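# Structure assessment
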Amino acid sequence: DSLAIQSQAAAAAGGEINNIIADTMTDAEQTINLLGLLGNTKTANIVVEAIPSNPKGDGEPAISFITKALKSKMHVASANKSPLAHCHEHKETYWALQQLAHSNNV
């Protein structure tokens, strides 16, 4: 099992977790579910996103990870500019995420 899955089980069982890493063996859906669990159980209050990104790509899965963390009321620090520079539905992702953070008080 990957570290993220083990951490998810520990969090669900009420175990104390100091560092949680979604590793390369974890798919995007598992990571999004883990972020939701961590936020909902208040196990974590900050997410550091440092996924290598392709400037010509669509910014995923980083945008989805950041969005889920913000919706789960966690602060986010991103090491990447690329995912934040994309536009979705004629709105820059950066501003959409800023608005989401503000509406969730993070």
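It should be noted that the structure appears before, not after, this text.
These remarks concern the structure in this document. Just so it is clear, the structure is predicted and the values come from calculations on it, not from any experiment.

For the pair helix α3 (residues 62–71) and helix α4 (residues 93–103), interaxial distance at closest approach is 9 Å and the crossing angle is 15°. Comparing their axes, α4 and α3 come out roughly parallel. You can see that α3 and α4 cross each other, and the crossing is left-handed. Residues I63, I66, T67, L70 and K71 of α3 pack against T93, L97, L100 and A101 of α4. For the contact of α3 with α4, the per-class residue count stands at 6 nonpolar, 2 polar and 1 charged.

Turning to the packing of helix α2 (residues 28–40) against α3, a few remarks are in order. At a minimum axis distance of 8 Å, the contact between α2 and α3 shows a crossing angle of 15°. What the angle tells us is that α2 and α3 run roughly parallel. Viewed along their axes, α2 and α3 form a crossing whose handedness is right-handed. Taken together, the residues of α3 that come into contact with α2 (itself represented by A28, T31, I32, L35 and G36) are S64, F65 and K68. When its residues are assigned to classes, the contact of α2 with α3 shows 4 nonpolar, 3 polar and 1 charged.

This brings us to α4. What sets the pattern is the α-helix's 3.6 residues per turn: residues three or four places apart point alike. Residues T93, L97, L100 and A101 constitute the buried set of α4. Buried residues along α4 cover an arc of 100° about the axis, so they all sit on one side. In α4, the exposed positions that point more than 90 degrees away from the buried face belong to W95, H102 and S103. Downstream of α4 by one or two residues, N105 has phi in the positive range, about 55°.

Cut-offs applied
- Residues numbered from 1 in each chain as written.
- Predicted model: local features only at pLDDT ≥ 70, side-chain atom pairs only at ≥ 80, totals over all residues.
- Heavy atoms only, no water.
- Axes fitted to C-alpha atoms, helices over the stretch in contact; angles between N-to-C directions.
- Helix = DSSP H or I, 4+ residues; strand = E, 2+ residues; numbered from the N terminus.
- Parallel < 35°, antiparallel > 145°, perpendicular 65-115°, else oblique.
- Left-handed = near helix turned anticlockwise from the far one by under 90°.
- Contact = heavy atoms within 4.5 Å.
- Nonpolar A, V, L, I, M, F, W, Y, C, P; charged D, E, K, R; others polar.
- Buried < 20%, exposed > 50% of the residue type's maximum accessible area, 1.4 Å probe, protein only.
- Arc of directions from axis to C-beta.

Such coordinate-based values are descriptive only and should not be taken to indicate function.
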